[in-house]
Amino acid sequence: MTSTTGHETRIEADPQLPTIRIVREFDAPQERVFRAWIEPELVARWLGPDDLDMKIDTWEARTGGHYRYSMHREGQEVAAFYGSFHEVRPATRLVQTFTFEGVPDGVSLDTATFEPAGEGRTRVTVLSVVDSLTARDAILASGMEHGVVDGYRKLDALLAGS
């Protein structure tokens, strides 16, 4: 899918592995993109679909830290997520677990890498690993693509300063 900036959001699932790979470029340096990924006041402005508001309950983006946030529509909580930050390597790598409270046995291990993609640009690759192809397929069928694409479009606007 392509955003208004012309950057395609690639969401790939290897048919043989329980993984999802998301690749996207942003028109901002690595440090700014990474900061938008770990600072709670910035994360709350872009993460998730357009029709939901995010409320962060706890956010400790440091190696060994943890988080919990919920998504709301018209003041009502519709979903909540939590996890742990396993590695926070400034401007280059973020490793965390991700769990939807509605499916507490379904833990994803997500590794985001941030790398230069030309002058003032950053490529972010997120690799999510789950415990089965069934779990991976359920995530893909959940509408996650909609939330990812909307969120990255909002991140484009945030990075552009609007």
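Note that the structure is a prediction, hence the values are computed from the model and not measured.

## So, the sheet that holds strand 4 (residues 66–73)
Overall, antiparallel pairing links the eight strands, which are arranged 1-2-8-7-6-5-4-3 in an open sheet. Two strands lie at the open edges of the sheet, namely strand 1 (10–12) and strand 3 (53–59), each paired on one side alone. Across the sheet, the axes of successive neighbouring strands diverge by a mean angle of 20°, strand direction being ignored.

## Topic: the environment of Arg21
Secondary-structure assignment places Arg21 in strand 2 (residues 19–26). Counting along the chain gives 11 residues from Arg21 to Arg10, while the straight-line C-alpha distance between them is 7.7 Å. Residues contacting Arg21, with those up to four places away along its chain left out, are Arg10, Ile11, Glu12, Thr125, Val126 and Leu127.

## Remarks on the packing of aromatic side chains
Counted according to the given criterion, the structure contains 15 aromatic pairs. On the basis of an interplanar angle of 80° and a centroid distance of 5.1 Å, the ring pair of Phe34 and Phe114 is categorised as edge-to-face. Taken together, the residues Phe34 in helix 1 (residues 30–38) and Phe114 in strand 7 (residues 107–116) connect sequence positions 80 residues apart. Comparing Phe34 with Phe114 shows no difference in burial state: the two are buried. Judged by centre distance (4.8 Å) and plane angle (50°), the rings of Trp37 and Trp46 are tilted. Here Trp37 and Trp46 have matching classes, each one buried.

## Some words on helix 4 (residues 144–160)
Given a rise of 1.5 Å per residue, 17 residues ought to cover 24 Å, and the 24 Å separating the end C-alpha atoms of helix 4 matches this to within 8%. When helix 4 is considered as a whole, its buried residues turn out to be Met144, Gly147, Val148, Val149, Asp150, Gly151, Tyr152, Lys154, Leu155, Asp156, Leu158 and Leu159. Buried residues belonging to helix 4 abut strand 1, strand 2, helix 1, helix 2 (40–46), strand 8 (122–129) and helix 3 (133–141). Taken from the residues just after helix 4, Gly161 is the one with a positive phi, measuring 90°.

Conventions used here
- Residues numbered from 1 in each chain as written.
- Predicted model: local features only at pLDDT ≥ 70, side-chain atom pairs only at ≥ 80, totals over all residues.
- Heavy atoms only, no water.
- Pairing = 2+ DSSP bridges.
- Helix = DSSP H or I, 4+ residues; strand = E, 2+ residues; numbered from the N terminus.
- Axes fitted to C-alpha atoms, helices over the stretch in contact; angles between N-to-C directions.
- Contact = heavy atoms within 4.5 Å.
- Phe/Tyr/Trp six-rings, centres within 6.5 Å; stacked < 30°, edge-to-face > 60°.
- Buried < 20%, exposed > 50% of the residue type's maximum accessible area, 1.4 Å probe, protein only.
- Expected span 1.5 Å × (residues − 1).

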